[in-house]
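Topology and contacts: notes
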Amino acid sequence: MTFLSQALALQIKNLHKSYRSIHALRGINLEIKRGELLALLGPNGAGKTTTIRIISGLTDPDAGEIFFFGHNFKEKKGKFKRLLGLVPQQINLDLELTVMENLIIHGLLFDMNYQEIKAKAEELLHLAELSDRKKAKVKELSGGMRRRLLIVRALLHSPKLLLLDEPTVGLDPHIRRKMWHFIKQIQEKGTSILLTTHYMEEAEYLANRVAFIFNGKILKVGEPSTLVKQIGEYALDVYQNEKVKSFYFQNRQSMEEKILELTKAGFSLAVRRVTLEDVFLKLLEEN
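Residues numbered from 1 in each chain as written. Predicted model: local features only at pLDDT ≥ 70, side-chain atom pairs only at ≥ 80, totals over all residues. Heavy atoms only, no water.

Membership of the largest hydrophobic core comes to 53 residues, with the highest contact counts inside it found for Leu149, Ile151, Leu162, Phe212 and Leu276. Looking at which element gives the most residues to this core, the answer is helix H5 (residues 143-155), with seven residues. If we ignore the near neighbours within four places in the chain, the residues touching Phe212 are Leu41, Met200, Lys217, Ile218, Leu219, Lys220, Leu227, Leu276, Val279, Phe280 and Leu283. Counting 26 residues, the second-largest nonpolar core is a separate cluster that includes Leu10, Ala46, Ile55 and Leu84. (Core = buried A, V, L, I, M, F, W, Y, C linked by side-chain atoms within 4.5 Å. Buried < 20%, exposed > 50% of the residue type's maximum accessible area, 1.4 Å probe, protein only. Helix = DSSP H or I, 4+ residues; strand = E, 2+ residues; numbered from the N terminus. Contact = heavy atoms within 4.5 Å.)

Listed below in structure tokens is the structure:
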């Protein structure tokens, strides 16, 4: 398909969605470049899952347009849905079937032949470190294994854009790190990825760019390191009456002057590096 030569994998223009009195999306605009991993970052209820559902065709927007590799998604919805891979928050695998049986059913739904399914499944299960579990029933897998299998299933039909909705929610830190490695491997093979998460560390580690969303609005978009540097390199947390106020500094010299001033005044202090969480909190203050 010649349209896949477009530089942008996904473009969202002025997207709105309301559920009765709840305005879930308030005119959001986003772009994902080919081969890029964009993290949509925000708390629960910010509009992340609604965005994913609209992009994947599961929910219709009230207003706005979506362009997939330069073409209007609405006009060729059936064709484009076949070029999308969706990993939902919920684990919607068939627990009574084996790992391979789940993949075979998915492949047949996308008109893949049996040999093609088997070959692609073997390749992806190896990448996900699940080759030794292909004959196991899904109900026998751990939570982390099930989440990796969800991604394998979404990749089976070779989508051009992968949508990951909170893929590591509820996983312990060790398993989450393993998932990060798997996601990075997928991106390195050329897949464009939209990842929703409320884990700041996850976005900072995985994303080429992050988009902060809150109350249905995009607050800011940029590279994680650039957004952090705009605030400063160091954060000084000041504790008083069970409240915390943070000051940000570009260098240690200016921070040390502030530390001396606050220490003399009797405040309790803590010094740390600035993170994406600081960026988000500052954006909330400004908005």
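A separate point is the packing of aromatic side chains. All chains considered together, the criterion is met by four aromatic pairs. Consider the rings of Phe212 and Phe280, whose centres lie 5.7 Å apart with planes at 20°: the pair is stacked. Taken as a pair, Phe212 in strand S9 (residues 209-214) and Phe280 in helix H10 (residues 276-286) lie far apart in primary sequence, 68 residues in all. You can call Phe280 buried: its relative accessible area is 7%. Connected via pairs of aromatic rings, a cluster forms that spans Phe212, Phe214 and Phe280. Here the guanidinium or amino end of Lys245 rests over the ring plane of Phe247, the centre of that ring lying 5.3 Å away. Sitting over the ring of Phe247, Lys258 keeps its end group 4.8 Å from the ring centre. (Phe/Tyr/Trp six-rings, centres within 6.5 Å; stacked < 30°, edge-to-face > 60°. Lys NZ or Arg CZ within 6 Å of the ring centre and 35° of its normal.)

Below, the discussion takes up the sheet that holds strand S8 (residues 192-197). The strand order across the open sheet built from six strands is S6-S7-S8-S3-S9-S10, with neighbouring strands paired in mixed fashion. Every interior strand has two partners, whereas the edge strands, strand S6 (84-87) and strand S10 (217-222), have only one. Within this sheet the neighbouring strands show an average axis-to-axis angle of 15°, counted without direction. With five bridges joining them, strand S3 (residues 37-41) and S8 adopt parallel strand pairing. Looking at S8, one finds that Leu37 is bridged to Ile193. (Pairing = 2+ DSSP bridges. Axes fitted to C-alpha atoms, helices over the stretch in contact; angles between N-to-C directions.)

The next point concerns helix H4 (residues 114-127). With 14 residues, H4 ought to run about 20 Å at 1.5 Å a step, and its terminal C-alpha atoms sit 20 Å apart, in line with that. As for H4, its buried residues are in contact with helix H3 (99-109), H5 and helix H6 (173-188). Measuring from the side-chain oxygen of the N-cap residue of H4 to the backbone nitrogen of Gln115 gives 3.2 Å; that N-cap residue is Asn113. (Expected span 1.5 Å × (residues − 1). Polar contact = N/O pair within 3.5 Å; in protein donor to acceptor, adjacent residues only side chain to side chain.)

Two elements in contact, H4 and H5, have axes separated by 10 Å at closest approach and are oriented at 145°. Between H4 and H5 lies a crossing of right-handed hand. Touching Lys120, Leu124 and Leu125 of H4 are Leu149, Val152 and Leu155, all from H5. Counted by class, the contact of H4 with H5 contains five nonpolar, no polar and one charged residues. (Left-handed = near helix turned anticlockwise from the far one by under 90°. Nonpolar A, V, L, I, M, F, W, Y, C, P; charged D, E, K, R; others polar.)

A few words now on the sheet that holds strand S12 (residues 243-249). Taking strand neighbours across the sheet as the criterion, the three strands line up as S12-S11-S13 in an open arrangement whose pairing is antiparallel. Since the sheet does not close on itself, it has two edges, and those belong to S12 and strand S13 (268-273), each with one partner. Taking the axes of each pair of neighbouring strands and ignoring which way they run, one obtains an average angle of 25° across the sheet. Bridging between strand S11 (residues 234-240) and S12 involves seven bridges; their strand directions are antiparallel.

What follows is about the side chain of Arg153. Within the secondary structure, Arg153 sits in helix H5. Among buried charged residues, Arg153 stands out as having no salt bridge; its nearest opposite-charge side chain is Asp94, 9.0 Å away. Ignoring any residue separated from it by four or fewer positions in sequence, one finds Arg153 in contact with Asn92, Leu93, Leu103 and His106. (Lys, Arg positive; Asp, Glu negative; His and termini not counted. Salt bridge = Lys/Arg side-chain N within 4 Å of Asp/Glu carboxyl O.)

With that out of the way, let us pick up the environment of Lys120. Inspection of the secondary structure puts Lys120 in helix H4. As for Lys120 and Gly107, which are separated by 13 residues in sequence, their C-alpha atoms are 9.4 Å apart. Setting aside anything within four residues of it in sequence, one finds Lys120 in contact with Met112, Leu155, Leu156 and Ser158.

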